[in-house]
Amino acid sequence: MHDTATHDTKGQYFWVWAALLVLTAIEVVLGYRQVFSPVRMLEVLLLLSVIKSALIIGYFMHLKFETALMRWLLVLSVVTCFFIMYFFFFPDAERIRHLGVQ
Amino acid sequence: MAEATIEHDAVQHAAPGAYEAPLFGAYSKKVGMWLFLASDSLTFGALLFAFSYNRIYTNPWPTPFHAESIANATIMTACLLSSSLTMVLAVFAAQRGDRPWMRNWLLATMVFGTAFIVLHAMEWSKLINEGLILSGFQSILGVSQTATSGELADISKNIPQFPQAFFGLTAMHMLHVTIGVIYLGVIAFRKWFLPALAVIWIAGAFMIPSGNVFHYPVHALGIGLLVAAVIVLLKPKDYDAHDVEVCGLYWHFVDLVWMFIFPLVYLMSTKVS
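Here the structure is a predicted model, which means the values were calculated and not measured. (Residues numbered from 1 in each chain as written. Chains lettered and ligands numbered in written order. Predicted model: local features only at pLDDT ≥ 70, side-chain atom pairs only at ≥ 80, totals over all residues.)

Participant: What's the story with the overall build of chain B in this structure? I'm lost.
Facilitator: Helix and strand counts for chain B come out as 10 helices and 0 strands. Put simply, chain B runs from its N terminus to its C terminus through helices and strands in the order α-α-α-α-α-α-α-α-α-α. In terms of overall size, chain B is more extended than a compact globule, its C-alpha atoms giving a radius of gyration of 23 Å where 273 residues would be expected to give roughly 19 Å. Projected onto its principal axes, the C-alpha positions of chain B cover 95 × 45 × 30 Å. In chain B, which comprises 273 residues, the proportion classed as buried is 38%. When contacts within chain B are restricted to residue pairs at least 6 apart in sequence, those whose partners lie at least 24 apart make up 76%. (Helix = DSSP H or I, 4+ residues; strand = E, 2+ residues; numbered from the N terminus. Rg over C-alpha atoms; globule rule 2.2 N^0.38 Å. Buried ≥ 20, exposed ≤ 12 C-beta atoms within 10 Å, placed from the backbone. Contact = placed C-beta atoms within 7 Å.)

Quick look at the structure:
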């Protein structure tokens, strides 16, 4: 088990929790006020979700304090998933609308 | 010729020797849980991809969530985020050997998790009453109280992808939260959790009316009780800080998935008046 005494304190986790609540509030305001167009809104909300996920994975799940190999393996897998989603799936979904398939 | 009798460390038998450090620098239980979470994230990833795909190609996509739905979902999000904090505090307590506070923080995590499930179940019931439904709810689950006209009823008839995606995603997540709460109960209270879970299951089975969507699914708690009983009674052990940490990984994962479901499902479908 990693040595908790040297690199993480309880106070840090309260700050992370507060940051997550603030980011959630920002998402709710943006979403409810429909500040952006739907596609831009999706991108902004996904970006905020990725930031929140990074905070949860890094601090609450302690990945920040694990070995570099584990960190890189997980981060690369997640980035690959997002890459496939954004560059292949979303354009394909958009394309179907213009093909006239209902 | 003393050197000829000195054996290399690698061939010394019956003597404590150095072992090779694990590949990921963590104990096997933790690596095992990370591998499980990687596989589970593929499941949710597939569901989220399908939802996003549907959302983009279906035009117009319904936006039925009024302010009270968004407020309810926001409170649910705050419950899950707070539960993650209490889970971290439970892990800290376990690591310093403070068993009473470990149990207290685990109980607080369970309370937040249960609040999430109850709020979510109430929201489901409200949406189904107002007409948002899947055909299987009536034919398989015997749901009877649902509106046949109105905004949500029209969505169910004309854009079935919406209830399919909504109920599919949120049901899978709710199941994971329920399993997580049972897992926390087993870690915190061991065999003393079994009677409490049995009481909750039986109470749910009698109190949830037959026309409600949860009338039959509540028996998933019975399955959870059976699995927990097998684990706790066949392999009784005092769960240590490692076990609490591994449980924490699962719980934070459940929270993590909600961080994507909440904006994609709720915030992208808000009704702005």
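That covers the picture; the talk isn't over yet.
Participant: Hey, could you run me through the overall build of chain A in this one?
Facilitator: A count of helices and strands for chain A gives 4 helices and 0 strands. Ordered by position from N to C terminus, the α and β elements of chain A give α-α-α-α. Taken across its 102 residues, chain A has 17% of its residues classed as buried.

Participant: I keep staring at the interface of chain B and chain A and nothing clicks. Help me out?
Facilitator: How big an interface is tends to be stated in terms of accessible area lost as the parts join. Across the boundary between the two partners, chain B contributes 35 residues, which contact 36 residues of chain A. In terms of residue class, the side of chain B that touches chain A is made up of 23 nonpolar, 11 polar and 1 charged. (Nonpolar A, V, L, I, M, F, W, Y, C, P; charged D, E, K, R; others polar.)

Participant: What am I meant to see in the packing of helix α2 (residues 28-57) of chain B against helix α7 (residues 161-189) of chain B here?
Facilitator: Geometrically, a packed helix pair is captured by the angle between its two axes and the distance between the axes. All names here are of chain B. One can describe the packing of α2 onto α7 by two numbers: an axis separation of 10 Å at closest approach and a directional angle of 160 degrees. With respect to each other, α2 and α7 are oriented roughly antiparallel. Helix-helix and strand crossings are classified by hand; for α2 and α7 the assignment is left-handed. Across the interface between the two elements, L47, A50, F51 and N54 from α2 touch Q161, A165, G168, L169 and M172 from α7. Taken together, the residues of the contact of α2 with α7 break down into 6 nonpolar, 3 polar and no charged. (Axes fitted to C-alpha atoms, helices over the stretch in contact; angles between N-to-C directions. Parallel < 35°, antiparallel > 145°, perpendicular 65-115°, else oblique. Left-handed = near helix turned anticlockwise from the far one by under 90°.)

Participant: Help me understand the environment of Q12 of chain A, please; the structure alone is not making it clear to me.
Facilitator: Residue and element names in this part refer to chain A. Turning to its location among the elements, Q12 is positioned in helix α2 (residues 10-33). Residue classification places Q12 among the exposed positions, given that 12 C-beta atoms sit within 10 Å. C-alpha separation for the pair Q12 and L74, spaced 62 residues apart in sequence, amounts to 23 Å.

Participant: Just to check I follow, could you spell out unusual backbone geometry for this structure?
Facilitator: One can expect most non-glycine residues to show negative phi and most peptide bonds to be in trans. If you check the backbone angles, H62 of chain A has positive phi at about 65 degrees while not being a glycine. Following the sequence through the fold, H62 of chain A ends up in the loop between α3 (38-60) and α4 (68-99). Of the residues examined, H62 of chain A has 22 C-beta atoms within 10 Å and is grouped as buried. The phi angle at R190 of chain B is positive, at roughly 50 degrees, despite the residue not being glycine. Looking at the element boundaries, R190 of chain B is found in the loop between α7 and α8 (193-207). Residue R190 of chain B is classed as partly exposed on the basis of its 17 C-beta neighbours within 10 Å.

Participant: Can you walk me through helix α10 (residues 241-266) of chain B in this structure?
Facilitator: Three or four residues apart is the spacing at which side chains of an α-helix point the same way, because the helix has 3.6 residues per turn. Along its 26 residues, α10 of chain B runs 36 Å from first to last C-alpha, staying within 8% of the 38 Å computed at 1.5 Å per residue. With 22 of its 26 residues buried, α10 of chain B lies for the most part within the structure. (Expected span 1.5 Å × (residues − 1).)

Participant: Before we go on, may I ask you to explain the domain arrangement of chain A in this structure?
Facilitator: Here the domain parsing of chain A yields domain 1 (9-65) and domain 2 (67-102). For domain 1 of chain A and domain 2 of chain A, the distance between their C-alpha centres works out to 20 Å. (Domains from an automatic or database assignment.)

Participant: Help me out: how do you make sense of the confidence of the model for chain B in this one?
Facilitator: Residue-level pLDDT values for chain B average 88, and 91% of them are 70 or greater. Scoring the predicted complex yields pTM 0.87 and, for the interface, ipTM 0.84. (pLDDT = per-residue confidence, 0-100.)

Participant: What am I meant to see in the packing of α3 of chain A against α10 of chain B here?
Facilitator: At a minimum axis separation of 9 Å, α3 of chain A and α10 of chain B run at an interaxial angle of 170 degrees. Considering their axes alone, α3 of chain A and α10 of chain B lie roughly antiparallel with respect to each other. Packed against α3 of chain A, whose contacting residues are L45, S49, K52, S53, I56, I57 and F60 of chain A, the element α10 of chain B presents H252, D255, L256, M259, F260 and P263 of chain B at the interface.

Participant: What's the story with α3 of chain A in this structure? I'm lost.
Facilitator: Look at α3 of chain A: 31 Å from first C-alpha to last across 23 residues, which is about the 33 Å you get at 1.5 Å a residue. Along α3 of chain A, the positions that sit buried rather than exposed are L45, S49, K52, L55, I56, I57, Y59 and F60 of chain A. Residues of α3 of chain A that are buried in the fold lie against α2 of chain A together with α3 (67-95) and α10 of chain B. Of the residues flanking the end of α3 of chain A, it is H62 of chain A, one or two places downstream, whose phi is positive at about 65 degrees.

Participant: Even after reading the chapter, I still don't get the environment of T170 of chain B, so can you show me in this structure?
Facilitator: All names here are of chain B. Here T170 is to be found in helix α7. Using a count of 19 C-beta atoms within 10 Å as the deciding quantity, one classes T170 as partly exposed. Residues T170 and S139 lie 31 residues apart in sequence; the distance between their C-alpha atoms is 20 Å. Setting aside its immediate chain neighbours within four residues, T170 contacts H120 and I261.

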